[in-house]
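These are the residues of each chain, in order.
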Amino acid sequence: HFYHMAVKVLQGRVTAAEVEANGDSLSKFALGMKAQFEGDKKTAARILRKVVSENALGYWPAEVELVGALRAVE
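Below is a summary of the structure that appears in this document.

Along its length, the protein chain carries five helices and zero strands. Ordered by position from the N terminus, the helices and strands of the protein chain form the series α-α-α-α-α. For the protein chain, buried positions account for 38% of its 74 residues. Across the protein chain, the fraction of contacts at a sequence separation of at least 24, relative to all contacts at a separation of at least 6, is 36%. Carbon together with sulfur atoms contributes 56% to the accessible area of the protein chain, which is approximately 4700 Å² in total.

Rendered as structure tokens:
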């Protein structure tokens, strides 16, 4: 279910509002990556920060991408 939702995020079949309200970490990560792919580094960084902060042990894919997004924003 979670992977399928992440795929739908990348396809644009799920809105950002739906993901922010009901998504799990994977779908939120996909939303952040979609923003990054579209060149919106600030939004990507905001979403990836949120994913990392919502997970007590972190979320390593988001942490790795966050470093790149922050470098692009700074």
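There's more to say after this.
Below, the discussion takes up the packing of helix H1 (residues 2–11) against helix H3 (residues 25–37). Direction vectors running N to C along H1 and H3 enclose 20 degrees, while the axes themselves pass 8 Å from each other. Judged by the inter-axis angle, H1 sits roughly parallel to H3. Considering how the two elements wind past one another, H1 and H3 form a crossing that is right-handed. Only Leu26, Ser27, Ala30, Leu31, Lys34 and Phe37 of H3 make contact with H1, whose side of the interface consists of Phe2, Tyr3, Met5, Ala6, Val9 and Leu10. Tallied by class, the residues present in the contact of H1 with H3 amount to 10 nonpolar, one polar and one charged.

Criteria and thresholds
- Residues numbered from 1 in each chain as written.
- Predicted model: local features only at pLDDT ≥ 70, side-chain atom pairs only at ≥ 80, totals over all residues.
- Heavy atoms only, no water.
- Helix = DSSP H or I, 4+ residues; strand = E, 2+ residues; numbered from the N terminus.
- Buried < 20%, exposed > 50% of the residue type's maximum accessible area, 1.4 Å probe, protein only.
- Contact = heavy atoms within 4.5 Å.
- Areas by Shrake-Rupley, 256 points an atom, 1.4 Å probe, with all protein chains shown as cover.
- Axes fitted to C-alpha atoms, helices over the stretch in contact; angles between N-to-C directions.
- Parallel < 35°, antiparallel > 145°, perpendicular 65-115°, else oblique.
- Left-handed = near helix turned anticlockwise from the far one by under 90°.
- Nonpolar A, V, L, I, M, F, W, Y, C, P; charged D, E, K, R; others polar.

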